[in-house]
Amino acid sequence: AMRAERDGFVRKLQEAMEGVEELGALVKDLDIGLIDFMARYQGRDVCLCWKFGEDSIRFWHGAEEGFRGRKEIDDDFRQNHTGEALSEDLSGGAPN
């Protein structure tokens, strides 16, 4: 019975991850809740980076740099990136 319950949970988790990826996100680390969204900046592929507990997407890194290469999204990034999967918080509005 426990195995069937576990298998059902794993199946639901896989379906949820596929749903997230269909929206254009990449699940990078389930343990810390790390999700990347692809974008372009300065002619290269970059990732908008969100971690569970963060109130908005505030960091980015090069596609090859990973989490340790995170940089804060600044005005230059906001004005010069391309990509569709952006949080409204990137528009420059102050959080409530």
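Structure shown above.
Residues numbered from 1 in each chain as written. Predicted model: local features only at pLDDT ≥ 70, side-chain atom pairs only at ≥ 80, totals over all residues. Heavy atoms only, no water.

**Side note on the side chain of Arg70**
The following threshold applies: To qualify as a helix, a DSSP run of H or I must reach at least 4 residues; to qualify as a strand, a run of E must reach at least 2; elements of each kind are numbered from the N terminus. In this scheme, a residue with accessible area under 20% of its type's maximum is buried, one over 50% is exposed, and one in between is partly exposed, where area comes from a 1.4 Å probe on protein chains only. Counting of polar contacts relies on pairs of N or O atoms within 3.5 Å, with two restrictions inside protein: one atom must be capable of donating a hydrogen and the other of accepting it, and residues adjacent in sequence are counted only when both atoms are side-chain atoms. Note on contacts: a residue pair qualifies if any of its non-hydrogen atoms lie within 4.5 Å across the two residues.
On the secondary structure map, Arg70 appears in the loop between strand S4 (59-62) and strand S5 (71-72). With a relative accessible area of 19%, Arg70 lands in the buried category. A polar contact is formed between the side chain of Arg70 and the side chain of Glu54, at a distance of 2.7 Å. Every residue in contact with Arg70, bar those within four places of it in the chain, is listed here: Cys49, Lys51, Glu54, Phe59, Trp60 and His61.

**A closer look at the state of the cysteines**
Note on terminology: disulfide describes a covalent bond linking the sulfur atoms of two cysteines. So the rule is basically this: Any two cysteine sulfur atoms lying within 2.5 Å of each other are counted as a disulfide.
By the definition in use, this model includes 0 disulfides. The thiol of Cys47 is unpaired, and the distance to the nearest cysteine sulfur, on Cys49, comes to 7.7 Å. On the accessibility criterion, Cys47 (4% relative accessible area) is buried. The buried category is assigned to Cys49, whose relative accessible area is 0%.

**With respect to the packing of aromatic side chains**
What counts is decided by this rule: The rule is short: rings of Phe, Tyr and Trp, with Trp giving its six-membered ring, pair when the centres are within 6.5 Å, and they are stacked under 30 degrees, edge-to-face over 60, tilted in between. Placement of a charge over a ring requires the Lys NZ or Arg CZ to be within 6 Å of the ring centre, with the centre-to-atom vector within 35 degrees of the ring normal.
Applying the stated criterion across every chain yields a total of 3 aromatic pairs. Ring centres 5.1 Å apart and planes at 25° place the aromatic pair Trp60 and Phe77 in the stacked group. Placement of the pair is Trp60 in strand S4 and Phe77 in helix H2 (residues 75-80), with a sequence separation of 17 residues. We classify Trp60 as buried; its relative accessible area is 6%. For Phe77, a relative accessible area of 0% gives the class buried. Taken together through their ring pairs, the aromatic side chains of Tyr41, Trp60 and Phe77 make up a single cluster. One Lys or Arg, Arg70, reaches over the ring of Phe59 and ends 4.0 Å from the middle of that ring. Of note, Lys71 hangs over the ring of Trp60, and the distance from its end group to the ring centre comes to 4.7 Å.

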